[in-house]
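# Descriptive analysis of the structure
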Amino acid sequence: MNSRQKFSSVGTSARRLDGVPKVTGATRYTADHSLPDMIWGKCLRSPLPHARIRRLDVEKAKNLKGVFAVLTAADLPDRLTGIILKDMPVLGKDRVRFIGERVAVVGAASPEIADEALRRIDVDYEELPAVYDPLQAMASGAPLVHEQLRSYQGLRPPLPDVPNLHNYAEWRSGDHRQGFAEADFVFEQSFTTQRAHQGYLEPHGVVVQVEPSEKILIWSTAKQVYLTRGNLAEWLGVDQEKIIFQVGSVGGDFGGKGTLMDLPLCYLLAKVTGRPAKMIMSYAEELSAANPRHASVITIKTGVKKDGRLWARELKAVFNGGAYAGIKESSNGNLPGSRHGNGSYAIPHSYIQSLCVYTNCIPGGIMRGPGDLQVIFAVESHMDYVARRLGMDPYRFRRLNVLKPGDLLVSGQRVNTDMGQRLLEKMRRRIHPRAHAKKIPYVGRGLALASRDVNFGAANIDVGVSENGAAYILTTVPDTGTGAHTIFRQIVAEALTVSADDVAVRMGTTEMFPTDVRVIASLVTYLSGQAVQQAAFALREKLIQLAATLFGCSLHAVRLERGAAVGPKRAKVNLADLAAKAKSMDGSLSARGSIDIKERLGAMCFFAEAAEVTVDPETGQVKVRKVISAHDVGTIINPLTHRGQVEGGMIQGFGFAMSEDLATEDGKVVTTNLGEYKLPNIRDIPEHETLYVRDHTGPGPFQAKQIGEHGAIPTAAAIANAVYDAIGVQITDLPITAEKVFAALRHAPATQRVTAPSAKSFSGSIATERIKIVGRH
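A few points on the structure.

The rules we used
- Residues numbered from 1 in each chain as written.
- Predicted model: local features only at pLDDT ≥ 70, side-chain atom pairs only at ≥ 80, totals over all residues.
- Heavy atoms only, no water.
- Helix = DSSP H or I, 4+ residues; strand = E, 2+ residues; numbered from the N terminus.
- Rg over C-alpha atoms; globule rule 2.2 N^0.38 Å.
- Contact = heavy atoms within 4.5 Å.
- Buried < 20%, exposed > 50% of the residue type's maximum accessible area, 1.4 Å probe, protein only.
- Pairing = 2+ DSSP bridges.
- Phe/Tyr/Trp six-rings, centres within 6.5 Å; stacked < 30°, edge-to-face > 60°.
- Lys NZ or Arg CZ within 6 Å of the ring centre and 35° of its normal.
- 1 Å grid on protein atoms, 1.4 Å probe; cavity = no way out; pocket = protein on both sides within 12 Å on 5 of 7 lines; lining within 4 Å.
- Points joined across faces, edges and corners; volume = space filled by probe spheres on them.
- Nonpolar A, V, L, I, M, F, W, Y, C, P; charged D, E, K, R; others polar.
- Core = buried A, V, L, I, M, F, W, Y, C linked by side-chain atoms within 4.5 Å.
- Salt bridge = Lys/Arg side-chain N within 4 Å of Asp/Glu carboxyl O.
- Axes fitted to C-alpha atoms, helices over the stretch in contact; angles between N-to-C directions.
- Expected span 1.5 Å × (residues − 1).
- Parallel < 35°, antiparallel > 145°, perpendicular 65-115°, else oblique.
- Left-handed = near helix turned anticlockwise from the far one by under 90°.

### Topic: the overall build of the protein
Across its full length, the protein holds 17 helices and 29 strands. A compact globule built from 777 residues would reach a C-alpha radius of gyration of about 28 Å, and the protein, at 28 Å, matches this within 12%. Projecting the C-alpha coordinates of the protein onto the three principal axes gives extents of approximately 85 × 80 × 45 Å. Residue pairs in contact within the protein that sit at least 24 positions apart in sequence constitute 80% of those at least 6 positions apart.

### Concerning the pairing of strand S7 (residues 165-173)
Successive residues of a regular strand alternate their side chains across the two faces of the sheet. Along S7, 7 of the 9 residues are buried, which leaves the element largely enclosed by surrounding structure. Where S7 and strand S15 (residues 349-358) come together, 8 bridges link them in antiparallel fashion. If you follow Trp171 over to S15, its bridge partner there is Ile352.

### Observations concerning the packing of aromatic side chains
What the rule picks out here adds up to 5 aromatic pairs. A ring pair is formed by Phe7 and Phe702, whose centres lie 5.3 Å apart and whose planes are at 75 degrees; its orientation type is edge-to-face. In this pair, Phe7 sits in the segment before helix H1 (19-23) while Phe702 sits in the loop between strand S28 (687-694) and helix H16 (715-727), placing the two residues 695 residues apart along the sequence. Cation over ring: Arg388 sits above Tyr724, and NZ or CZ is 5.1 Å from the ring centre.

### Points about the side chain of Glu709
The residue Glu709 is located in the loop between S28 and H16 in this model. Here Glu709 falls in the buried class, since its relative accessible area comes to 7%. Setting aside its immediate chain neighbours within four residues, Glu709 contacts Arg368, Gly369, Pro370, Arg452, Ala521 and Ser522.

### A word on empty space enclosed by the protein
Under the criterion given, the structure shown has 6 cavities of 30 Å³ or more. Within this model, the largest cavity holds a volume of roughly 290 Å³. A class-by-class count of the residues in the lining of the largest cavity yields 13 nonpolar, 7 polar and 2 charged. Put simply, the second largest cavity is a space of about 200 Å³. Per-class residue counts for the lining of the second largest cavity are 8 nonpolar, 7 polar and 3 charged.

### Concerning the nonpolar core
The nonpolar side chains of a soluble globular protein tend to be buried, and buried together. Counting residues in hydrophobic clusters, the biggest one holds 64 residues, and the most contacted among them are Val613, Ile719, Ile736 and Val741. In terms of residue count, H16 provides more of this core than any other element does, 9 residues in total. By size, the runner-up hydrophobic cluster in this structure holds 54 residues, among which are Ile473, Leu523, Ala548 and Ile637.

### Side note on the pattern of salt bridges
Under the counting rule described, the total for this entry stands at 44 salt bridges. A salt bridge links Lys42 to Asp115; its shortest N-O distance comes to 3.9 Å. A residue pair is termed long-range when its members are at least 10 positions apart, and Lys42 in strand S1 (residues 39-45) and Asp115 in helix H3 (residues 111-119) qualify at 73 residues. Taking the relative accessible area as the measure of exposure, Asp115 reaches 29% and is therefore partly exposed. Across the pair Asp384 and Arg388 runs a salt bridge whose closest N-O atoms are separated by 3.8 Å. Here Asp384 and its partner Arg388 are both found in helix H9 (residues 372-389), 4 residues apart, which amounts to about one turn of the helix. Residue Asp384 shares its accessibility class with Arg388, and that shared class is buried.

### Here's the deal with the sheet that holds strand S18 (residues 471-475)
Ordered by their spatial adjacency, 4 strands build an open sheet running S19-S18-S17-S23, and the pairing between neighbours is mixed. Edge strands, defined here as strands with exactly one partner in the open sheet, are strand S19 (504-507) and strand S23 (590-597). This sheet shows a mean twist of 20 degrees between the axes of neighbouring strands, independent of strand direction. Running over the sheet, helix H13 (residues 524-551) touches strand S17 (457-465) and S23 and is turned about 145 degrees from S23.

### Observations concerning the sheet that holds strand S20 (residues 559-561)
Strand pairing within a sheet occurs via backbone hydrogen bonds; the two strands may be parallel or antiparallel. Across the sheet, which stays open at both edges, the 3 strands sit in the order S20-S21-S22 with antiparallel pairing between neighbours. Of all strands in the sheet, those bounded by a partner on one side alone are S20 and strand S22 (572-574). Adjacent strand axes in the sheet meet at a mean angle of 30 degrees, parallel and antiparallel pairs treated alike. Here 3 bridges tie S20 to strand S21 (residues 564-566), and the two strands are oriented antiparallel to one another.

### Things to note about the pairing of strand S14 (residues 310-322)
The element S14 is extensively covered by neighbouring structure, given that 11 of its 13 residues are classed as buried. When strand S13 (residues 295-304) meets S14, the two strands line up antiparallel, connected through 10 bridges. Paired with Ile298 across the bridge in S14 is Ala317. In sequence, S13 turns back onto S14 through a hairpin of 5 residues, with Gly308 there showing a positive phi of about 100 degrees. With 10 bridges joining them, S14 and S15 adopt parallel strand pairing. For Leu315, the partnering residue across the bridge sits in S15 and is Ile352.

### A look at unusual backbone geometry
Going from Pro157 to Pro158, the amide bond is cis rather than trans, its omega being -5 degrees. Relative to the elements of secondary structure, Pro158 occurs in the loop between helix H4 (134-137) and S7. That bond from Leu734 to Pro735 is cis: its omega, -5 degrees, falls within 30 degrees of zero. Relative to the helices and strands, Pro735 resides in the loop between H16 and helix H17 (738-747). Even without being glycine, Met261 reaches a positive phi, approximately 50 degrees. Among the secondary structure elements, Met261 is positioned in the loop between strand S11 (243-245) and helix H7 (263-273). At Thr497, a position not held by glycine, the phi torsion is positive, near 55 degrees.

### Looking at H13
When the terminal C-alpha atoms of H13 are compared, their 39 Å separation across 28 residues agrees well with the 40 Å that a helix rising 1.5 Å per residue should span. After H13 finishes, the residue Gly552 shows a positive phi value of roughly 70 degrees.

### Some words on the packing of H9 against H16
Interhelical geometry of H9 versus H16 gives an angle of 30 degrees and a closest axis separation of 8 Å. Compared by their axis directions, H9 and H16 come out roughly parallel. Between H9 and H16 lies a crossing of right-handed hand. Side by side, H9 and H16 meet where Ile376, Phe377, Glu380, Ser381, Asp384, Tyr385 and Arg388 of the first sit next to Ala716, Ala717, Ala720, Asn721, Tyr724 and Asp725 of the second. Broken down by class, the residue content of the contact of H9 with H16 amounts to 7 nonpolar, 2 polar and 4 charged.

### Some points on the side chain of Thr72
The topology assignment puts Thr72 in the loop between strand S3 (67-71) and strand S4 (95-96). Exposure remark for Thr72: the relative accessible area of 12% places this residue in the buried category. With residues up to four places along the chain from it excluded, the contact list for Thr72 reads Leu56, Val58, Leu91, Val103 and Ala104.

### Some thoughts on the packing of helix H10 (residues 394-401) against helix H11 (residues 419-431)
Look at H10 against H11: their axes get within 10 Å of each other, and the N-to-C directions meet at 160 degrees. Of the possible angle classes, the one that applies to H10 and H11 is roughly antiparallel. Considering the relative orientation of H10 and H11, their crossing is left-handed. Contacts between H10 and H11 pair Tyr395, Arg398 and Arg399 from the former with Gln421, Leu424, Glu425 and Arg428 from the latter. Considered class by class, the residues forming the contact of H10 with H11 number 2 nonpolar, 1 polar and 4 charged.

Written as structure tokens, this is what we have:
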């Protein structure tokens, strides 16, 4: 289908199905689910970052009235768990490796009794040497967080013999050594980024009931129920068909709800006691013991030709993986964003490394654009640094080097679009200052560009017409707040010529399909949307065939119009009558859509952000005045939900840039409440404008393109570059706090500050001597 065609439902801001129940409080989340005779589970957690458990006494807790079970590692299957790398004990057995690791679980009649029971558990620890910094963790003689790493299932070889390194990935193109030898200029910098929590409103939770038949019924905050079911079944050693997830509402995710978390313990409490069990993490537990975005140290070295062409690149990203790696779900066990070490630019010679390292810190997990935000912050900040050192305009420097059709990526794919060039041109017309515009002191503008392709996977969905003629969708994909179900309804409405408001969404269980889409990596509309489209148009054909039989005419003489089949001479039959006819013929009006894509298609999207800031030189306070987002888009199925993804992503990227920091001291998270962990609020968020560059090809339904992660990725770099433009000093460590800016202004003499060149600088003379500039480490 051509994205230029006219649609009836697709392309409209259809009303969100979940809007009214959410704002009225009618939506039921996992925490709202209760069962008769249910018990509450609570975990005892380690107060030490690295210790041997010498003794664990639970007798006093067991004897407390209202306690039904107290479990330790001795009561559990002796297996490690993890999505790719199996390195995580469900409860610490003989060692604990981070502050917050679970060592025991209590099941009691109430949360209060469970808390009292935890206080009665006596643990004797022998503290062991700990390491918190990933660079120090890789040094010779560093304490080993996992002494048996080489024996773990799922370890991805080859793994260099480096202490505490648990995953290594690299990408190469050309010959980077030759490239640097041929370069006229060489620049090197280091950047650091912090941990960040996903910030969803609903904490992790689970309810489990074990039936007499041994069927395991689960209500949980898990967003990837088939993956989670498989991981749980593997750890328990049971047939996964015995595990049935009841799919429901998920109160936000942003990558953080793809792991088992408390689920195995909740199951064991239900199994041991014969009662349904419920576990809900507190927000203090979320912030101190869940799975935040990885902190990183990124070193980037670039060789440039005297005409401004990027010629060589080395990038080394070191991620603080924390105590366990089992919550990373990329197929190679690393962070997929690392492969964007060249950014959105053609660099003939490059060598990109990504290292994930164990430390005695909270385990790092998946968060919107895993690895992308960290790497793009470094790459795009470095682009401005290099441009200014060369006396070039940062926009023109990007324009000269942006990927073009036919360029080869380090992944081995070739670029198939010119949208990077078109997007930059759109941004130039909107933001580029006039050549003679006077620079205002302490006001700056910054730009950042990024690009991504789309992942692969499978999806299944059923679309049908019920006996009353109403269309419905049967899905096991939870709507995590993105509006996915509204998108599904619009696709069905387009196929069947009905109103999206009249399409019902039925939530299924994991008994319905063999598998379904992983709710990650901007895959839902791409994969599930195609499955919905496939099913809906197959159902459309069934309706037309049935109507043609009733009318006694050819298929070409029948069309669907406003929810009815119309035949010759305006003969009409509504969907309810067609459903009744199908039932009388021992049939039903439904169709299944199944999509299974095995590899990346190279369907790239480009996106950029520009920011304008003011800086108070007396305090270092940065005010972000405005952010402009530009996105390469195909057909936008729902403009309102699409805009929500763009704006929500920008806000999340803004928090990463300016305020959010899951700070630790000696392995202990010190920002354990939302008063200290600074999520942006409505008064912090800058004015925002969105620009679209339209494309007429896309990999999704109706040529739609992915959007979910894009809005968050370039924000931090755009803001950092604006601050650089405002003060002439670069901030290379996130978040950009007033204290860091104030210190930078005080410690950098005015003669060392790098000011912005004029728009004409690109055509000016450039010195040809080789220089090496080393930034902050």
